[in-house]
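Residue-level listing of the chains:
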Amino acid sequence: MEEEIRAEFESSGFSIGGAGPGDSAQILSTLLTYCINYKMSPADLVSNWEVYYLNRQLNGLKIESAYLDGFMSHLQNEVKDRLIKEETSFHIYSSNDVDMLLSSSHTDEEGFLGTPGTKQEKPHGESSNSELTPLTTDRPSSSRVAKTNGDHITPFSQRVNKFTQQYVLNADNVASVPDKPETESTEDEIIRRIPPSKRCNLQVQRSQPEPGCRFMYDRTEDRFNYLEDRIRRSGSLFSASGLCGEPADATLASEESMFAVGMVICDGEGRLNEKSILLQGSVQHSRGQRVRLDLKDLDQFSLFPGQVVGIQGHNPSGHCFVVSKLIDSIPNTVDAQVPCSKKQAIDSEGHQSSDTLPRVLSSVIAAGPYTTTDNLLFEPLQELLSYACRKQPQLLILMGPFIDSDHPDIKKGTVDQGFQDIFRFEILRKLQDFIQYLGHSVRVILIPSVRDAHHDFVFPQPAFDLNLPEDTTHQITCLANPSLFSSNEVHFGCCTIDILKQLSAEEISRKPPGGKPRDRIGTLVTHILKQQSYYPLYPPAAGVPLDFSLASGALEISLAPDVLLLPSDLAPFVKVLFLDGCSEEPKHFICVNPGRLAKGIGGGTFVELNYNEDTDKTSASIIRI
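Residues numbered from 1 in each chain as written. Predicted model: local features only at pLDDT ≥ 70, side-chain atom pairs only at ≥ 80, totals over all residues. Heavy atoms only, no water.

## With respect to the overall build of the protein chain
Across its full length, the protein chain carries 17 helices and 24 strands. Expressed as a percentage of its 625 residues, the buried residues of the protein chain come to 51%. Counted over contacts in the protein chain with a minimum sequence separation of 6, partners at least 24 positions apart contribute 73%. Here the protein chain has roughly 28900 Å² of accessible surface; of this, 49% comes from carbon and sulfur atoms. (Helix = DSSP H or I, 4+ residues; strand = E, 2+ residues; numbered from the N terminus. Buried < 20%, exposed > 50% of the residue type's maximum accessible area, 1.4 Å probe, protein only. Contact = heavy atoms within 4.5 Å. Areas by Shrake-Rupley, 256 points an atom, 1.4 Å probe, with all protein chains shown as cover.)

And the structure:
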């Protein structure tokens, strides 16, 4: 079982630390004891560790023996709270319980949250409001319906700690976010709905490539042109900034200090290390030749293959460039703004709806998979939509995978429906019911993943091409992966490739002696914006279908977003970071990894984000489904 615990932690991005193999074995033995004493599975243990990790704001992803005593106290408190809840021996009945008992015969057929045990459909002419009524009353949730149905009693339906907050960003601001008024449980509750929130505007700045694009036809020439354009464009930006001078040829022997621009690559096929760092220059400045870098004079650095950097130093022998200064942030252009036509569209839309508050937005953000590995019932998605119906956010952002190609039933080919049919019936139909219930006030954004079995396996990835009814096309928007969009003047950048996990596996760093422990995840996130690319890693990680003929422009980050969405298998987080680089004023932004909505046979996490003018007034919560 110790190996199961180790594998479960590693799948979530953590590692078992220690000075030696004996320490690692001792930590594993202690964790096994926790599993036995508190009657937990390895997955439950990891979930509790993620909560403890986020609440304590620990640094690094290595589990050390110094953390175990505090973790045990956390587990004891969790068990005590659970026992207190279970000891409640009485229940105060209300009118909602009477309504539930009187209408129990219709609950299984009409409950929107019901676990789909059958394929029954309502007549087309019947209103969907009756289906969604359980979301605003105290009728049974999907877990209770699943138990009463008797057809499916799933581990997910029997989970505990539903909708509990694992982490809160700017907790002092949570109270300032106005709560939606609750409706009273009376006979006219269907007519007297919760007052809807104000509709947000939406503007797409970049969503490339277009649906139906031609892919899998990239050539070696496309690969060369893409890399050369990145180096050449970065050199031009360094020159235009006036801070570094004109780039020179780093391969020429010279005792004089010079400035050069190039791409970090590895000397060989292994992992990058301090002895194997090469700099590849552009054809324009160094004919594309490479030179070895000596970083012994640097107190700190953080490098990965494919990173474009500026270096200051000298090359006494012509074979090794001794670096005295390294700049890993590409300067922004002076006119790096939203494209003119798009910006005018945003301004005009803002004038048309003068009652819309600028830079104030409520949103719920989630990333797939949306169903557990033991079935294709999509119970986590149903619970998420139930939560969204209660909170009524202006924007619901759903990122793939929706039909996960790694799901056991899909990998085995045991499903009796086509992938498009599953997506249409299990995803789109639920979303259509959701927006019909909430009305005009809500918008839904769908962003695909390369793990989607029903969509194009290419990166950059075009948006879903959906034939939606006319009454829902203005509320459901499909964007490419990656994409840049804005809502209520809040700019979002999104990429569903797990770039953080891939950068974490390739990055090497050095920190100054005696310096503070660095936020490694924060450093990896800022690398993406400093490189002005959603995927700065080269060569791409195994399994990433990067098409260089489509990458130019589609992967470029011309405008630093206010909110950067990077779903990852690493531990979920919400961080306020700043981008200094070569700019005069640091740019503060929020990076969100909502985690996976479903993890194995259990539930995962999602994020509720309430943006309010700037990062200081913004609140966000990581919530367990």
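## Let's talk about empty space enclosed by the protein
In this structure the tally under the stated criterion is four cavities of 30 Å³ or more. Size it by volume and the largest cavity reaches roughly 70 Å³. Contributing to the lining of the largest cavity are 14 residues, with Ala248, Ala250, Val261, Gly281 and Ser286 lying nearest its centre. Elements supplying a minimum of two residues to the lining of the largest cavity: strand 5 (254–266) and helix 10 (283–286). In terms of residue class, the lining of the largest cavity is built from seven nonpolar, six polar and one charged. (1 Å grid on protein atoms, 1.4 Å probe; cavity = no way out; pocket = protein on both sides within 12 Å on 5 of 7 lines; lining within 4 Å. Points joined across faces, edges and corners; volume = space filled by probe spheres on them. Nonpolar A, V, L, I, M, F, W, Y, C, P; charged D, E, K, R; others polar.)

## Digging into the environment of Leu446
Inspection of the secondary structure puts Leu446 in strand 13 (residues 443–447). A residue is classified by how much of its surface remains accessible, and Leu446, at 0% relative accessible area, is buried. C-alpha separation for the pair Leu446 and Leu396, spaced 50 residues apart in sequence, amounts to 8.7 Å. Aside from chain neighbours lying at most four places away, what touches Leu446 is Leu398, Phe402, Leu428, Leu431, Phe464, Leu466, Ile476, Thr477, Cys478 and Leu479.

## What to know about the side chain of Asp498
Looking at where Asp498 falls in the secondary structure, it is placed in the loop between strand 16 (490–494) and helix 15 (499–506). Of the buried charged residues, Asp498 lacks a salt bridge, with Arg596 as the closest side chain of opposite charge at 4.3 Å. Here Lys501 takes part through its backbone nitrogen, which lies 3.2 Å from a polar atom of the side chain of Asp498. In contact with Asp498, not counting residues within four places along its chain, are Pro567, Ser568, Asp569 and Arg596. (Lys, Arg positive; Asp, Glu negative; His and termini not counted. Salt bridge = Lys/Arg side-chain N within 4 Å of Asp/Glu carboxyl O. Polar contact = N/O pair within 3.5 Å; in protein donor to acceptor, adjacent residues only side chain to side chain.)

## Side note on the sheet that holds strand 23 (residues 605–612)
One open sheet holds the seven strands; their spatial order is 3-24-23-11-12-13-14, and the pairing between them is mixed. Either end of the sheet is taken by a strand with one partner, and the two such strands are strand 3 (165–169) and strand 14 (476–478). Averaged over all pairs of adjacent strands, the angle between their axes in this sheet comes to 15 degrees, without regard to strand direction. Direction of pairing for strand 11 (residues 360–367) relative to strand 23: antiparallel, over a ladder of six bridges. By the bridge assignment for strand 23, Val364 is matched with Glu608. Running over the sheet, helix 3 (residues 42–56) touches strand 3 and strand 24 (614–624) and is turned about 20 degrees from strand 3. The sheet contacts of helix 14 (residues 419–438) involve strand 12 (395–399), strand 13 and strand 14, and relative to strand 13 the element is tilted by about 160 degrees. (Pairing = 2+ DSSP bridges. Axes fitted to C-alpha atoms, helices over the stretch in contact; angles between N-to-C directions.)

## Quick word on the packing of aromatic side chains
By the definition in use, this model includes 20 aromatic pairs. An angle of 80 degrees between the planes, with centres 5.9 Å apart, marks the rings of Phe402 and Phe423 as edge-to-face. One end of the pair, Phe402, is in the loop between strand 12 and helix 13 (408–412); the other, Phe423, is in helix 14, with 21 residues separating them in the sequence. In terms of burial, Phe402 and Phe423 fall into one category: buried. The interplanar angle of 45 degrees and the centroid separation of 5.1 Å between the aromatic rings of Phe423 and Phe464 together place this pair among those described as tilted. (Phe/Tyr/Trp six-rings, centres within 6.5 Å; stacked < 30°, edge-to-face > 60°.)

## Focus: helix 3
Here helix 3 spans 21 Å end to end across 15 residues, near enough to the 21 Å set by a 1.5 Å rise per residue. Where helix 3 terminates, the next one or two residues include Gln57, which has phi positive at roughly 55 degrees. (Expected span 1.5 Å × (residues − 1).)

## Describing the packing of helix 1 (residues 2–11) against helix 3
Contact geometry for helix 1 and helix 3: axes closest at 9 Å, N-to-C directions at 45 degrees. Judged by the inter-axis angle, helix 1 sits oblique to helix 3. Considering how the two elements wind past one another, helix 1 and helix 3 form a crossing that is right-handed. Across the interface between the two elements, Glu4, Ile5, Glu8 and Phe9 from helix 1 touch Pro42, Ala43, Leu45, Val46 and Trp49 from helix 3. Classifying every residue of the contact of helix 1 with helix 3 gives seven nonpolar, no polar and two charged. (Parallel < 35°, antiparallel > 145°, perpendicular 65-115°, else oblique. Left-handed = near helix turned anticlockwise from the far one by under 90°.)

## Brief notes about the nonpolar core
Ranked by internal contacts, the top residues of the largest apolar core, which has 101 residues, are Phe9, Leu31, Leu45, Trp49 and Val525. The contacts of Val525, once residues within four sequence positions are left out, are Leu500, Leu564, Leu566, Phe573, Leu577, Phe589 and Cys591. Ranked by size, the runner-up nonpolar core spans 37 residues in total, among them Ile410, Phe423, Val444 and Leu468. (Core = buried A, V, L, I, M, F, W, Y, C linked by side-chain atoms within 4.5 Å.)

## Observations regarding the pattern of salt bridges
Within the structure shown, the criterion is met by 24 salt bridges. A salt bridge links Asp562 to Lys587, with the shortest nitrogen-to-oxygen separation between them at 3.0 Å. On the criterion of sequence distance, the pair formed by Asp562 in the loop between helix 17 (548–554) and strand 18 (563–565) and Lys587 in strand 20 (residues 587–593) is long-range, its members being 25 residues apart. Connected through shared salt-bridge partners, Arg219, Glu221 and Asp222 make up one network.

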